Amino acid sequence: MEQIKGVKTVPLNEYYMSGHRTCQGCEPALAMKLTAKAIGPRSIVLGATGCMYVANTSYYTTPWAIPWMHTQLGAAGSAALGTSAGLKALMRKGKLKEEHINVVAICGDGGGADMGVSAISATLTHPQYDSLIVMYDNESYANTDVQASGSTPWGAVTRFTPSGTVHRITQTRIKKNMVGMLAAGHPGCKYVATVCPSFAVDMMQKIRKAIAIGGPTFVHCLTPCPKGWGFAPDLSHEMGIAAVETGVWPLYEIEDGMVRFNGRSKTIAEGGKREPVGEYTRRQDRFAHFTAEDTAYFQGTIDEMWQNWLVPAVIPLSRAAQ
Ligand SMILES: Cc1ncc(C[n+]2csc(CCOP(=O)(O)OP(=O)(O)O)c2C)c(N)n1
Ligand code: SF4
Ligand SMILES: [Mg+2]
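Reading guide: rules and limits
- Residues numbered from 1 in each chain as written.
- Chains lettered and ligands numbered in written order.
- Predicted model: local features only at pLDDT ≥ 70, side-chain atom pairs only at ≥ 80, totals over all residues.
- Helix = DSSP H or I, 4+ residues; strand = E, 2+ residues; numbered from the N terminus.
- Rg over C-alpha atoms; globule rule 2.2 N^0.38 Å.
- Buried ≥ 20, exposed ≤ 12 C-beta atoms within 10 Å, placed from the backbone.
- Contact = placed C-beta atoms within 7 Å.
- Pairing = 2+ DSSP bridges.
- Near = placed C-beta within 6 Å.
- Nonpolar A, V, L, I, M, F, W, Y, C, P; charged D, E, K, R; others polar.
- Core = buried A, V, L, I, M, F, W, Y, C linked by C-beta atoms within 7 Å.
- Expected span 1.5 Å × (residues − 1).
- Arc of directions from axis to C-beta.
- Axes fitted to C-alpha atoms, helices over the stretch in contact; angles between N-to-C directions.
- Parallel < 35°, antiparallel > 145°, perpendicular 65-115°, else oblique.
- Left-handed = near helix turned anticlockwise from the far one by under 90°.

So, the overall build of the protein
So, point 1. Along its length, the protein carries 12 helices and 8 strands.
So, point 2. Relative to a compact globule of 322 residues, whose C-alpha radius of gyration would be 20 Å, the protein shows 19 Å and is just as compact.
So, point 3. If you line up the protein on its principal axes, its C-alpha atoms span 65 × 55 × 40 Å.
So, point 4. Within the protein, the fraction of its 322 residues that count as buried is 49%.
So, point 5. Partitioning the intrachain contacts of the protein with sequence separation of at least 6 by distance along the chain shows that 68% fall at a separation of at least 24.

Following this line, the structure appears as structure tokens:
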């Protein structure tokens, strides 16, 4: 497939269309649309349980205009690997015409960063099977009413982490660094990247690149969720932009072990200004209980990742003085 060079070369055809029942302003739905555009018609999509399964599979309707199959919540990795291996076997036996079919598994953060991380890890150790895993990250188990996941940011209110009078902050865990972890631990995986639908061309370019590179690849997509994060549906787009501009969500790709920052994150990595994280948190109800101290603490975790990590915003290690 040809690389998408800019907005003028974005494919016009849609393969994720009307027929779904996601909330207004649902960015995971936009992530599906952009992914489908980038992968095109010769593709099989495997969708793990979550909003992007439940809201997309109402009886007798589907937004998918390409083959789509549901898979179990923690099974995006195994579904991708099994489908890719199955296609290969069928083609080898002459039961299927020899051609490249894109295998793309899609999971949420609960399914991918928590429950399914072992299956994703296993898939990334099999370079002979082509597949892409896209993890849309709305930073909660949204479909079951917004419980905290390992991908929920510090301090955020969820159904399981309310803010109380005795304990203002009950979500005391720091967001898991999924891409850094996968990149550092899987030498057989040639491409991992972070994306956000607010940067649509960048996202489609990376999805297509992941497929073109071959082998198992992984893309982590930050997808603002109006219901779970508590903001008006027309603000989804700017919420993604604020995540990148504040440095909360760095946009980068790692190809054959080389890290490349993209867009605004490249400017930040080169020493450019980051907006204060308050510009991001103050617009979301899940952070409404934050005091100035809480915002300062959250800011500190973002500063730490950009200033002190071995590879800023990617690998959370620093070297001890010998
Ligand atoms: C093994 C298993 N445990 C629990 C559930 C219930 N369940 C269905 S969807 C869901 C939330 C999934 O969260 P995530 O993967 O982040 O996707 P989102 O709902 O946020 O889109 C849960 C817990 C399930 N379907 N299967
Ligand atoms: S809860 Fe969030 S992720 Fe789920 S359909 Fe609504 S906006 Fe989309
Ligand atoms: Mg989720």
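Let's talk about the pairing of strand β7 (residues 252-255)
So, point 1. Bridge count for strand β5 (residues 191-195) against β7 is 3 bridges, and the pairing is antiparallel. Each residue of the ladder has a partner; that of Tyr191, found in β7, is Glu255.
So, point 2. One ladder, built from 4 bridges, connects β7 with strand β8 (residues 258-261); its direction is antiparallel. Paired with Ile254 across the two strands is Val259, which belongs to β8.
So, point 3. Hairpin remark: β7 followed by β8, antiparallel, with 2 residues in the connecting loop; positive phi at Asp256, about 50 degrees.

A look at the site of ligand 2
So, point 1. Of all residues adjacent to ligand 2, which total 13 residues, the nearest are Thr22, Cys23, Cys26, Cys51 and Cys225.
So, point 2. Residue contributions to the shell around ligand 2 peak at 3 residues, all from helix α8 (residues 226-229).
So, point 3. Of the residues belonging to the shell around ligand 2, the class tally is 8 nonpolar, 4 polar and 1 charged.

With respect to the site of ligand 1
So, point 1. Close contacts around ligand 1 come from 17 residues, with Gly50, Cys51, Gly108, Gly110 and Asn143 the closest.
So, point 2. When residues of the shell around ligand 1 are traced back to their parent elements, those giving at least two are α2 (51-54), β3 (102-108) and α4 (109-115).
So, point 3. A per-element tally of the shell around ligand 1 places α4 first, with 3 residues.
So, point 4. For the shell around ligand 1, the class distribution of residues is 6 nonpolar, 10 polar and 1 charged.

A few points about the nonpolar core
So, point 1. Counting 81 residues, the largest nonpolar core has Ala76, Ile106, Ile133, Cys196 and Cys221 as the members making the most contacts within it.
So, point 2. Examining the composition of this core, we find that 8 residues originate from one element, helix α1 (residues 27-39), more than from any other.
So, point 3. Aside from chain neighbours lying at most four places away, what touches Ile133 is Ala76, Gly77, Ala80, Ala105, Cys107, Ile120, Thr123 and Phe218.

With respect to helix α12 (residues 292-307)
Owing to its 3.6 residues per turn, the α-helix aligns residues three or four sequence positions apart on the same side.
So, point 1. In this model α12 runs 22 Å from its N-terminal to its C-terminal C-alpha over 16 residues, within 8% of the 22 Å that 1.5 Å per residue would give.
So, point 2. Of the positions making up α12, those classed as buried are Phe298, Ile302 and Met305. Considered in projection along α12, the buried side chains sweep an arc of 55 degrees and stay on one side of the axis. Exposed and oriented more than 90 degrees from the buried face of α12 are Ala292, Glu293, Gly300 and Gln307.
So, point 3. Each element contacted by the buried residues of α12 is listed here: α11 (278-281).

Remarks on the pairing of β3
So, point 1. Judged by how many residues are buried, β3 sits mostly within the fold: 7 of 7 residues are covered.
So, point 2. Sheet analysis places strand β1 (residues 43-48) next to β3, joined by 5 bridges and oriented parallel. In the strand pairing of β3, Leu46 is matched with Ala105.

Description of the packing of α1 against helix α7 (residues 200-213)
So, point 1. Where α1 contacts α7, the two axes come as close as 9 Å, and the packing angle between them is 50 degrees. By the angle between their axes, α1 is oblique relative to α7. Crossing angle aside, the handedness with which α1 passes α7 is right-handed. The residues of α7 that touch α1, namely those facing Leu34, Thr35, Lys37, Ala38 and Ile39, are Ala200, Met203, Met204, Ile207, Arg208 and Ile211.

Description of the sheet that holds β8
So, point 1. Spatially, β2-β1-β3-β4-β6-β5-β7-β8 is the arrangement adopted by the 8 strands of the open sheet, whose pairing is mixed. Looking along the sheet, the strands with just one partner apiece sit at the ends: β2 (68-71) and β8. Across the sheet, the axes of successive neighbouring strands diverge by a mean angle of 15 degrees, strand direction being ignored.
So, point 2. Packed on one face of the sheet, helix α3 (residues 76-92) meets β1, β2, β3 and β4 (131-137) and runs near 170 degrees to β3.

A closer look at α1
So, point 1. Here α1 contains 13 residues, and its C-alpha end-to-end distance of 18 Å stays within 8% of the 18 Å for a straight helix at 1.5 Å per residue.
So, point 2. By the criterion of burial, α1 is predominantly enclosed, with 12 of the 13 residues buried.
So, point 3. Those residues of α1 that sit buried are Glu27, Pro28, Ala29, Leu30, Ala31, Met32, Leu34, Thr35, Ala36, Lys37, Ala38 and Ile39.
So, point 4. Positive phi shows up at Gly40, right after α1, with a value of about 75 degrees.

Some words on the environment of Ala89
So, point 1. The residue Ala89 is located in helix α3 in this model.
So, point 2. Separated by 88 residues in the primary sequence, Ala89 and Asn177 have C-alpha atoms spaced 35 Å apart.

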